Amino acid sequence: MADFVRKKLQVFVSSTYTDLIVERQAAVSAILSAGHMPAGMELFTAGDESQMDVIKQWIDESDVFMLILGGRYGSLEPTSGKSYTHLEYEYAVATNKPLFACVINESMIDARVRVGGAAFIETTNGTKLTEFRSLVLTKLCRLWDDAKDIKIAVIETLAHIARREELVGWVRATEQTDSAVLLHEMARLSNENAKLRAESTKGSELAQFNGLTFSELKSLLDESGAIHSLLENRDELSRASSFYDFDNKDELILRGLIREYNRGVYGFSDEGRKFVNRCDFESLLERAS
């Protein structure tokens, strides 16, 4: 997989429409130039769901919410009495969607009206627009005089937001890790871990002598009196000590007994012999050496 995979963010663009056609086009152009994907009212199609339900789905599926606020409040949603643009913004805030806004400089509204007429100013819901504008100005926003300002704001803000690791975005299939390769690597690591676990437990398995503890083995060997015999024979114990380097005297004796039994020196009870025959002498001796 490449060291760097470029995420394409889906950016939902919210605004009134007829008075901000040029500004929306500027935002869309800047989003595309930055390598991301715009989404907005231009993509909506008629359906059985209410307009607001469709809008919420688009916002949910987008990575970033962008608002362009001009001099109009916009058409009202019948139930709430708020504009769709206002409701979209509130929904993005409520769902903790990464967002930013481009808000028109108030000084530019009159200039736009002189050029384009009443279509560029709110004549019905001025108070609601003022309240909405005040809300937007409390959060991340940039003021704009013309479309150029919006392009700059989009490019600079998205460059910052795109660094947020929690944003999933879209990634080209060719830039994704091959799932087969990933599964193979996971299987390899799993096998490697299994081997390491086996090696780490090998010592404890030998310490139990094929499932029986040291004390159980010692008890079986005691039945034949072999340990007592070895203790009585100091020369034998000393000779066994030369082959093994153990701090624990009982373990030294036990290993020495196993070694001597393998040479046929001592006799054991039937129970002791059955058990000792189950021991892996070579592994025990290798561990002791």
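First, a word on scope: everything that follows refers to the structure included in this document. The shown structure was predicted, so the numbers you read here are calculated from the model rather than taken from an experiment.

1. Topic: a nonpolar patch on the surface
Working step 1: On the surface, Tyr17, Ile21 and Met41 cluster together into a nonpolar patch covering about 240 Å² of accessible area.
Working step 2: Within the secondary structure, Tyr17 sits in the loop between β1 (10–15) and α1 (21–33).

2. As for the side chain of Glu88
Working step 1: With respect to the helices and strands, the residue Glu88 is situated in helix α3 (residues 84–94).
Working step 2: Salt bridges are absent for the buried Glu88, whose nearest opposite-charge side chain, Arg24, sits at 6.9 Å.
Working step 3: Once you skip the residues sitting within four places of it in the chain, Glu88 turns out to touch Phe12, Ser14, Met52, Ile55, Ile59 and Phe65.

3. Considerations on the environment of Glu23
Working step 1: With respect to the element layout, Glu23 can be found in helix α1.
Working step 2: Taking the C-alpha atoms as reference, Glu23 lies 9.3 Å from Gly70; in sequence the two are 47 residues apart.
Working step 3: Residues within four places of Glu23 in sequence aside, it is in contact with Ile68, Arg112, Trp144 and Ile150.

4. Looking at the packing of aromatic side chains
Centre distance and the angle of the planes are the two values used to describe a pair of aromatic rings.
Working step 1: Taken as a whole and assessed by the stated rule, the structure comprises 4 aromatic pairs.
Working step 2: On the numbers, 5.7 Å between centres and 15° between planes, the contact of Phe12 with Phe65 is stacked. Note that Phe12 is positioned in strand β1 and Phe65 in strand β3 (residues 64–69), a separation of 53 residues in sequence.
Working step 3: Given a relative accessible area of 1%, Phe12 falls into the buried group.
Working step 4: Taking relative accessible area as the criterion, Phe65 reaches 0% and is therefore assigned buried.
Working step 5: Among the aromatic residues, those joined into a ring-pair cluster are Phe12, Phe65, Tyr73, Tyr89 and Phe132.

5. What about helix α5 (residues 126–136)?
Along an α-helix, a turn takes 3.6 residues, which lines up residues three or four apart on a common side.
Working step 1: Of the positions making up α5, those classed as buried are Leu129, Phe132, Arg133 and Val136. Taken end-on, α5 shows its buried residues confined to a sector of 100°, consistent with a single buried face. Turned more than 90 degrees from where α5 packs its buried face, Thr127 and Glu131 sit exposed.
Working step 2: Looking at the buried positions of α5, the neighbouring elements they touch are β3, α3, β4 (99–104), α4 (106–116) and β5 (141–144).

6. A short note on the pairing of strand β2 (residues 37–40)
Regular strands show a simple pattern: their side chains alternate between the two faces of the sheet.
Working step 1: Sheet topology places β1 next to β2; 4 bridges connect them, and they run parallel. The partner of Val13 across the bridge, within β2, is Gly40.
Working step 2: A crossover links β1 with its parallel partner β2, the connecting element being α1, and its sense is right-handed.

What counts, and at which threshold
- Residues numbered from 1 in each chain as written.
- Predicted model: local features only at pLDDT ≥ 70, side-chain atom pairs only at ≥ 80, totals over all residues.
- Heavy atoms only, no water.
- Patch = residues over 30% accessible without salt bridge, like charges linked within 9 Å, V, L, I, M, F, W, Y side chains within 5 Å.
- Areas by Shrake-Rupley, 256 points an atom, 1.4 Å probe, with all protein chains shown as cover.
- Salt bridge = Lys/Arg side-chain N within 4 Å of Asp/Glu carboxyl O.
- Helix = DSSP H or I, 4+ residues; strand = E, 2+ residues; numbered from the N terminus.
- Buried < 20%, exposed > 50% of the residue type's maximum accessible area, 1.4 Å probe, protein only.
- Lys, Arg positive; Asp, Glu negative; His and termini not counted.
- Contact = heavy atoms within 4.5 Å.
- Phe/Tyr/Trp six-rings, centres within 6.5 Å; stacked < 30°, edge-to-face > 60°.
- Arc of directions from axis to C-beta.
- Pairing = 2+ DSSP bridges.
- Right-handed = clockwise from strand over helix to strand, strands pointing away.

Read these as geometric descriptors, not functional statements.
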